[in-house]
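Listed below, chain by chain, are the residues.
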Amino acid sequence: MVRLLAILPILLCSLPIRAQEIRFLVEANKKTITLGNTITLTYKFIGGNATDFRPPKLVDIDYASYVTQGMEVRQFNNNVTRAVTFSFSIKPRKTGEFEIPPATVMYQGNRMESDKITIKVLDKSEAEKGIYEQIAENVFVKAYLSKNNVYLGEQVKLTFKLFKKVNMPIAELNYKSVPEYDGFWKEVLQDNRNFEMKEELIDGERFQTGILESVILFPQKTGEVVIDPYVMHAKIPYQTKRRGYPSIFDDFFGQVKYYDYDLSAPAIKIDVKPLPPGKPHDFSGLVGEFTFNAALTDTQVEIDDAVTLNIEVAGQGNLKLIKPWELEFPSGIEDYPTKTHDNISTSSGLMSGSRRFEYLMFPRREGIFKLPAIRFSYFDVEQEKYVSFSENDLSFKVGKGTNVNTVESVGGQHATIQNDVDFINNDIQFIKFNNINLFPMGYSAFLSAPHIAFTLAPFGLLFLLVFVRKKKEEEAKDVVGTKMKRATSLAKKRLQTAGKLLDEGNEDAFYNEVSRAVFGFLSHKFAIKESEMSKAFALKKLQEAGLPQELIDKCEKLIDDCEFARFAPGPKGGVARNIYQNAVEVISNIENKLARQ
């Protein structure tokens, strides 16, 4: 007993030490997968704040996502454990057993290593291999680059295009990751918000194609610059006929199985060459092909007449980089802020056009005014050399003007007096005699109706502002409730829009609008963040709300039918009308069920 009492304080002292124990662990969402799938690794640093996370060096394994950092808090028996987490996905290239080496972080000046972890990659069955090969042949993404060897600042066009054979069904198609274009100045020609598919005949086969994204890029750093892959995630329905012979192109008979498939264009590499030495001191930074012009609208004017200097640069290249020249005009000239006029177009797939700067001047004395030299230089990609322009001879002459001078005799001396009435005539303010309210001497407006109204007005305005602010604070506290109230009205508006699109025969836009109506309704009704929104997560929320399983199944079928119909070939008028009616019915039933709870 004495020994136990002696050991007890030591055990108690060790508890806080154990609570502060530093650990760097790694977990996998699954340790066995089939080839072609991904594993998510989560590294947890417990007991402090870690920095400078470096993922492990992988062999025969690709990174399938970026590293995301977060915080995990767990509580067990009044003990709170906090961990800094680093997560990313990997995709093995071949089968076998792989030992993932440790990742590292910096903690208190020391680099620490995580645990190792082993994963197992199994081969798919021959049937699955055949299915994925068919998918790869019938739906894919291609990247088109105008050139991959350019100078610093030279424009290049990059386009990502989706190809899908017309008999290839797709249940879902979502954007998974898009390039960030690090190291480039970007001009967007078309993005995924304007995505539309059209039919094309390619090598004798009919495809549905659509531009996912098209951009003009201007490299801002030299060397080999890599553009990340453009990745889309698809769910491909696989049907088995009642008599066997599975094929992904069969009609809807038998059991349906969905295959997850990532459509990915390969990473793009661009070699960016530095500009050669010998840059002119007035180098504009433009790279391409340009012309230059500087001219005056008049060369002979009178005092106070306007003179305009126009400087224009035209050609192909990043015209938006050009800034106005900072010119020092001679004394006696009053100048106004420079105006910029753009005539820039990207319709040809390259940036071209002109940018003109307008300098407005007013001479306030007579004489000859010579403007400072105006210089412009750029790098010509065709000639591979610097080209310079200079305008040194811009000048204009200012005469006395047409003002009338009169001579008067003052004290026997003749004096010249300039008649400026014509010049200042527009500035004379005439005395007005009408609509003048006069009051007798000694009159006071104190306690009059206007006096009382103006006195009480600030207090009324203050009360109104306090009332509005409190109302907005109450609405802000109940963000979820506000969204739930708006959910049904927004869904109704979108369904009305979908109905108009259906009547107009615009079926692709119709399916998009119905999908937005359903997912928007569920998002607002259950306060689902946009980043978390998916079919599975929305259906889970419906189950948690205690809605009937039959209604949940109808909602799931509506989403599947809508997504599938978007890519199904052939006319779909009858299907579209059924989907519209089902959407109205599902949204109304969910709203009624929730209102009764």
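Look above for the structure.
Residues numbered from 1 in each chain as written. Predicted model: local features only at pLDDT ≥ 70, side-chain atom pairs only at ≥ 80, totals over all residues. Heavy atoms only, no water.

> Looking at this structure, I do not really get the side chain of Glu 187. What am I missing?
Assignment of secondary structure puts Glu 187 in strand E16 (residues 184-190). Side-chain polar atoms of Glu 187 contact the side chain of Lys 320, separated by 3.0 Å. Setting aside residues up to four positions removed in sequence, Glu 187 forms contacts with Val 215, Ile 216, Lys 320, Thr 346 and Met 351. (Helix = DSSP H or I, 4+ residues; strand = E, 2+ residues; numbered from the N terminus. Polar contact = N/O pair within 3.5 Å; in protein donor to acceptor, adjacent residues only side chain to side chain. Contact = heavy atoms within 4.5 Å.)

> Mind showing me how you'd approach the layout of surface pockets here?
Here the second largest pocket is characterised by a volume of approximately 910 Å³. Taken together, 28 residues make up the lining of the second largest pocket; nearest its centre are Thr 38, Ala 64, Lys 91, Lys 176 and Asp 262. No other element matches the four residues that strand E22 (residues 256-264) contributes to the lining of the second largest pocket. Broken down by class, the residue content of the lining of the second largest pocket amounts to ten nonpolar, seven polar and eleven charged. Three or more residues apiece are contributed to the lining of the second largest pocket by two domains, here domain 1 (2-122) and domain 2 (126-272). (1 Å grid on protein atoms, 1.4 Å probe; cavity = no way out; pocket = protein on both sides within 12 Å on 5 of 7 lines; lining within 4 Å. Points joined across faces, edges and corners; volume = space filled by probe spheres on them. Nonpolar A, V, L, I, M, F, W, Y, C, P; charged D, E, K, R; others polar. Domains from an automatic or database assignment.)

> How should the side chain of Asp 191 be read in this particular structure?
Along the polypeptide, Asp 191 turns up in the loop between E16 and strand E17 (198-202). Judged by relative accessible area, Asp 191 falls into the buried class, the value being 14%. Within the local environment of Asp 191, its side chain forms a polar contact with the side chain of Arg 193, the two groups lying 2.7 Å apart. For Asp 191, the contacting residues outside a window of four places in its chain are Leu 212 and Glu 213. (Buried < 20%, exposed > 50% of the residue type's maximum accessible area, 1.4 Å probe, protein only.)

> What is the right way to read helix H6 (residues 507-525) from this model?
Side chains of residues three or four places apart in an α-helix project in the same direction, reflecting 3.6 residues per turn. The end-to-end C-alpha distance of H6 is 27 Å, a good match for the 27 Å that 19 residues give at a rise of 1.5 Å each. Most of H6 is tucked away: 15 of the 19 residues are buried. Structurally, the start of H6 carries an N-cap: the backbone nitrogen of Ala 509 is 3.4 Å from a side-chain oxygen of Asn 506. (Expected span 1.5 Å × (residues − 1).)

> Hey, could you run me through the pattern of salt bridges in this one?
Counted under the stated rule, the structure contains 25 salt bridges. Ionic pairing is found between Glu 27 and Lys 44, a salt bridge with its closest N-O pair at 3.2 Å. With Glu 27 in strand E1 (residues 23-28) and Lys 44 in strand E3 (residues 39-46), this residue pair connects regions lying 17 residues apart in the sequence. A relative accessible area of 37% places Glu 27 in the partly exposed class. By relative accessible area, which is 5% here, Lys 44 ends up buried. With its nearest N and O atoms 2.5 Å apart, the salt bridge here joins Asp 304 to Arg 364. With Asp 304 in the loop between strand E25 (300-302) and strand E26 (307-316) and Arg 364 in the loop between strand E29 (352-363) and strand E30 (367-370), the pair connects residues that are 60 residues apart, well separated along the chain. Exposure remark for Asp 304: the relative accessible area of 28% places this residue in the partly exposed category. If you follow the salt bridges from partner to partner, you end up with Asp 60, Asp 62, Arg 93 and Lys 94 in one network. (Salt bridge = Lys/Arg side-chain N within 4 Å of Asp/Glu carboxyl O.)

> What's the story with the environment of Ala 538 in this structure? I'm lost.
You can see Ala 538 is positioned in helix H7 (residues 535-544). Counting along the chain gives 19 residues from Ala 538 to Phe 519, while the straight-line C-alpha distance between them is 8.1 Å. Leave out the neighbours within four places in its chain, and Ala 538 touches Leu 522, Ile 528 and Met 533.

> I tried to follow the pairing of strand E9 (residues 104-107) on my own but got confused; where do I start?
It is a general feature of regular strands that their side chains alternate between the two faces of the sheet. Inspection of the sheet shows strand E4 (residues 51-54) paired to E9 by two bridges, in the antiparallel sense. What sits directly across from Arg 54, in E9, is Thr 104. Pairing between E9 and strand E10 (residues 110-113): four bridges, direction antiparallel. Within E10, the position partnered with Met 106 by the bridge is Arg 111. (Pairing = 2+ DSSP bridges.)

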